[in-house]
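Fold and geometry: a report
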Amino acid sequence: MRIVTVTAPGGPENLTITDAPRPSAGPGEVVISVRAAGVNRADLLQRQGHYPPPPGISDVIGLEVSGTIESVGDDVTGWNVGDPCIALLAGGGYADLVSVPAGQVVAVPMGVDLVSAAGLMEVAATVLSNFDHVHLGEGESVLIHGGAGGIGTFAIQYARAIGARVLTTAGSADKLDLCRRLGADVAIDYHDDWADSVSAATLGLGVDVILDVIGAKYLEANVAALAADGRLVVIGMQGGQRGTLHLGQLLAKRGTVTATSLRGRPVEQKAGICAAVAERVWPLIEAGRIGLAPETRFPLEQVAEAHRHLESGEHTGKVILTL
């Protein structure tokens, strides 16, 4: 079967397609014949040598796929060969076949084609688990950084669906328009003083929750933008790993700063998140309350171009590899 390998840590030109043995389904696992794989920023970091897979996990890049069940291991129920599915992975997605614990595999939402489905699982699991982590609730306000990206386009819609007021940042007029069409109440150009704009939009009160993909660069401004009892959850480090935290300001606001990642969680936790996505998010998609993000598709043979496109910052929504 084909897999994508990294010849050496570095740029997209170091991605190449090679042959590898076909995987088999161990106990509690299924093997998926991959139709498409989502491309995520974590993939770029792994290619650069900054985000290695957890111990025992394939070093092939790829955290989410769609496809059909190829084979079923012992102790697996509910899946049959040929069933369409989506899976959350710890690695291995850029390949013709991938083995995955059965608890991390879910059915495709009704009305979603199998290729588009490849871009759903990572964003849905990330957004749901993080908003649950910081207890975003109806009537609260949330600031979502990077609103036009894969995470952002989903987070805007999910936050609106659960009754939150949504503020978001993006970097161009077209991206800001997209955020508004998806349901953002306030869309702010991050090239301007976005923290002042958040303060103005909240009458100086700040926001209850911030979902941040930037990290260190925004840390001080994020804390300043929190409301009393506000919660900042950091899920990315596009703006660096080390920042300055104003503890006095955080203390005065009774604020919380937390950070999460999905990839390294135990299988049982990821299975629980996947089950929650199928139970709570798929019905919102099937009812039309959450729409599919814009997507750009590349065949597997153009994997380097797919990485360049995501790195450029010019994309909106999801980037997907087709097999």
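Let us now look at the sheet that holds strand β10 (residues 186-189). In space, the six strands of this open sheet follow the order β10-β9-β8-β11-β12-β13, with parallel pairing throughout. Looking at the sheet topology across the chains shown, the edges are occupied by β10 and β13 (256-259). Taken over all neighbouring pairs, the strand axes of this sheet differ in orientation by 15° on average, direction set aside. For strand β8 (residues 141-144) and strand β9 (residues 165-170), the ladder comprises four bridges, and the chain directions are parallel. Within β9, the position partnered with Val 142 by the bridge is Val 166. Here helix α6 (residues 194-201) sits on the sheet and contacts β8, β9, β10 and β11 (207-212); the angle it forms with β10, its principal contact strand, is near 160°.

What follows is about unusual backbone geometry. Notably, Leu 203 is not glycine yet its phi reads approximately 55°, a positive angle. Residue position: Leu 203 is located in the loop between α6 and β11. With phi around 65°, Asp 229 is a residue other than glycine that occupies positive phi space. Assignment of secondary structure puts Asp 229 in strand β12 (residues 226-234). Take Asp 229: its relative accessible area is 38%, and that puts it in the partly exposed class.

We now examine the nonpolar core. In terms of nonpolar packing, the biggest core is built from 48 residues, with Met 121, Phe 131, Val 142, Tyr 158, Val 277, Val 281 and Trp 282 touching the most fellow members. Secondary structure elements with two or more residues in this core: β5 (84-88), α3 (121-133), β8, α4 (150-161), β9, α5 (173-182), β11 and α9 (267-286). The dominant element in this core, judged by the number of residues it contributes, is α9, at eight residues. Setting aside residues up to four positions removed in sequence, Met 121 forms contacts with Glu 64, Ile 86, Ala 87, Leu 88, Val 106, Cys 274, Val 277 and Trp 282. Among the nonpolar cores identified, the runner-up in size contains 32 residues, and Val 76, Val 100, Phe 298 and Leu 300 belong to it.

With that settled, the discussion passes to a nonpolar patch on the surface. Taken together, the side chains of Leu 245, Leu 247 and Val 257 define a hydrophobic patch exposed on the protein surface, amounting to about 240 Å² of accessible area. By the element assignment, Leu 247 lies in helix α8 (residues 247-252).

Reading the values: rules and limits
- Throughout, residues of each chain are indexed from 1 in the direction in which the sequence is written.
- In view of the model being predicted, local features appear only for residues whose pLDDT reaches at least 70, and side-chain atom pairs are presented and counted only at 80 or more, with totals across whole chains, interfaces and linings using the full set of residues.
- Hydrogens and water molecules were not included; the side-chain quantities draw on all heavy atoms of the structure.
- Think of it this way: DSSP has to see at least two bridges between two strands before they count as a pair.
- Put simply, DSSP marks the helices as runs of H or I at least four residues long and the strands as runs of E at least two long, and each gets a number from the N terminus on.
- Axes, fitted as lines to C-alpha atoms, cover a helix only where it is in contact. Angles between the N-to-C directions of the axes lie from 0 to 180 degrees.
- When checking whether two residues touch, look at their non-hydrogen atoms; a contact exists if any pair is within 4.5 Å.
- Relative accessibility decides the category of a residue: with a 1.4 Å probe and only protein chains considered, values under 20% of the type maximum give buried, values over 50% give exposed, and everything between is partly exposed.
- Take the buried residues of types Ala, Val, Leu, Ile, Met, Phe, Trp, Tyr and Cys, join any two whose side-chain atoms come within 4.5 Å, and each joined set is a nonpolar core.
- Within this analysis, patches are made of residues with over 30% relative accessible area and no salt bridge. Like charges are joined at 9 Å or less; nonpolar side chains (Val, Leu, Ile, Met, Phe, Trp, Tyr) at 5 Å or less.
- Accessibility throughout is a Shrake-Rupley quantity obtained with a 1.4 Å probe, and a residue counts as covered only by protein chains that appear here.
- When a carboxyl oxygen of Asp or Glu is within 4 Å of a side-chain nitrogen of Lys or Arg, the pair counts as a salt bridge.

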